[in-house]
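Chain residues, written in single-letter form:
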Amino acid sequence: MTFGNVTLKFGSFGLVLAAILVIVGLITGAIEPAIAALGLVFFYMATTFYLLKSSALIMTGAAIFAAVLYLVLGRDVGALLHSAGRITYLPALIIVLSVFRTAAQNSPIINVAGRYIVNQPPSRRYLLLTSGANVLCVLLNVGGFALLHEIGIRAVRQGKEKPQRTIEIQDRRITRATLIGFSSTFFWSPFGLSLNLCLAFLPGTTWLGFAPIGIAISIVFIAIGWMLDRLEKTSGNSVVPVAEKGGAKALLGMLLMMVMLTATAVLGERVLNIPLQAVILIVIPLFAFLWAMSARFPEKGAFAEAGNLAVTAFRQLPSITNEVAILTSASCLGLLVAGLLPPELVTKVLQLAGPSPSLLGAGIMVTIFALAIVGINPMVPATAILTAIVSAD
């Protein structure tokens, strides 16, 4: 075993321990577990540094520069350490989601349901693709988008030969429908980054208060996409649907899994009286292991299957280094920028917005969108703005 492999294993162990410490910190309200978790996440990033892509390296470099500037200007380090739980929560979410993603990708019903969705007539393919993307992306995050899109593109190229123009149109329509379905989960999913960013940085936020508005916006978003799809010039050479045996049953099973996962998280918050973030971090891996064990139930190999999942998920932890690095660096950078902003400037902006929350909300959305257009990760301004506003209040 090489030195590099040993350091990767130590980094992965540290990452698992960090997720456990984040849960402990959320339940107890203590900052010490969160600070220790942050140190372990930084250790993991150091051991997997050579695996980072340019986008993660740029984000990490920007966070380091902001941290140095924060220290040079003599800003309050204690306030930053008290925010360690906010920084480590999203990386912990990525860790547990990677376990669930491993369990789901090893399940045959995922591919069966995916093929069933894409092998539908064009008249109902859009709604099934967007709905299926919602289910898959709640269960697999961005892996669900990649899986469904890959199956869809592969289905377009199967069968009889078609003109290149036909393939391009069908590719575009499937890509658009899948991307719209994936993006719409940001508005309502209890396991998505948008809601969990609010949970981490806006005290008092609840999924039950967030969901109705998010679902309504999601429906409008999908409807706009449907209108654009209807306006698209058809290829005139539709793919002949191929019946997928057990496809509807597989899709229903995935939908049931999504409902159970969401309901368990919401009920767990109410029954156990602990933060929703902690419940999410507990429920996701629990369902992952139950899913893996169900593949062998009622046979004797159920626990062996759970063990195989644990080993496989652990071995794949180095592969999520870019996600962990970007989320950690973006959270750090947002908090550092918020700490660097003059408090009087934030107060003045809030005074200009006056008593109108809608005006303030519109301003925040336009700011985040404009900065995203020029290449700044939306998490950075979102974190900075939310933290600055909460601090000012």
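Each remark here, short or long, concerns the structure printed above.
Described in the following lines is the structure provided in the data block. (Residues numbered from 1 in each chain as written. Predicted model: local features only at pLDDT ≥ 70, side-chain atom pairs only at ≥ 80, totals over all residues. Heavy atoms only, no water.)

### Some points on the packing of aromatic side chains
For any pair of aromatic rings, the description rests on two quantities: the centre-to-centre distance and the angle between the ring planes. This model, assessed by the stated rule, comprises four aromatic pairs. Centre to centre, the rings of Phe182 and Phe186 are 5.3 Å apart; their planes meet at 75 degrees, and the pair counts as edge-to-face. Taken together, a centroid distance of 5.6 Å and an interplanar angle of 75 degrees make the contact between Phe187 and Phe221 edge-to-face. Of the two residues, Phe187 is situated in the loop between helix H9 (164-184) and helix H10 (193-201) and Phe221 in helix H11 (residues 207-231); the sequence distance between them amounts to 34 residues. (Phe/Tyr/Trp six-rings, centres within 6.5 Å; stacked < 30°, edge-to-face > 60°. Helix = DSSP H or I, 4+ residues; strand = E, 2+ residues; numbered from the N terminus.)

### Looking at the packing of helix H3 (residues 54-72) against helix H15 (residues 321-340)
At a minimum axis separation of 8 Å, H3 and H15 run at an interaxial angle of 30 degrees. If you check the angle between H3 and H15, you find them roughly parallel. As for the relative orientation of H3 and H15, their crossing is left-handed in sense. Contacts from Ser55, Ala56, Met59, Thr60, Ala62, Ala63, Ala66, Ala67, Leu69 and Tyr70 in H3 reach Asn322, Ala325, Ile326, Ser329, Ala330, Cys332, Leu333, Leu336, Gly339 and Leu340 in H15. Tallied by class, residues from the contact of H3 with H15 come to 15 nonpolar, five polar and no charged. (Axes fitted to C-alpha atoms, helices over the stretch in contact; angles between N-to-C directions. Parallel < 35°, antiparallel > 145°, perpendicular 65-115°, else oblique. Left-handed = near helix turned anticlockwise from the far one by under 90°. Contact = heavy atoms within 4.5 Å. Nonpolar A, V, L, I, M, F, W, Y, C, P; charged D, E, K, R; others polar.)

### What to know about a nonpolar patch on the surface
Taken together, the side chains of Leu127, Val220, Ile224, Trp226, Met227, Leu228 and Leu231 make up a nonpolar region of the molecular surface, amounting to roughly 700 Å² of accessible area. With respect to the helices, strands and loops of the structure, Met227 is situated in helix H11. With a relative accessible area of 47%, Met227 lands in the partly exposed category. (Patch = residues over 30% accessible without salt bridge, like charges linked within 9 Å, V, L, I, M, F, W, Y side chains within 5 Å. Areas by Shrake-Rupley, 256 points an atom, 1.4 Å probe, with all protein chains shown as cover. Salt bridge = Lys/Arg side-chain N within 4 Å of Asp/Glu carboxyl O. Buried < 20%, exposed > 50% of the residue type's maximum accessible area, 1.4 Å probe, protein only.)

### Structural notes on unusual backbone geometry
The phi dihedral of Asn273 is positive, around 60 degrees, even though this residue is not glycine. Here Asn273 lies in the loop between helix H12 (247-272) and helix H13 (276-294).

### A look at the nonpolar core
Formed by 89 residues in total, the largest nonpolar core has its most connected members in Leu15, Leu93, Phe100, Ile280, Leu281, Ile284 and Ile320. Of the residues forming this core, the biggest block, twelve residues, is contributed by helix H5 (residues 84-105). Not counting the four nearest positions on each side in its chain, Ile284 is found in contact with Leu93, Val96, Leu97, Phe100, Phe191 and Leu261. Counting seven residues, the second-largest nonpolar core is a separate cluster that includes Leu38, Ala63, Cys332 and Leu335. (Core = buried A, V, L, I, M, F, W, Y, C linked by side-chain atoms within 4.5 Å.)

Any functional reading would require information beyond the geometric quantities listed.
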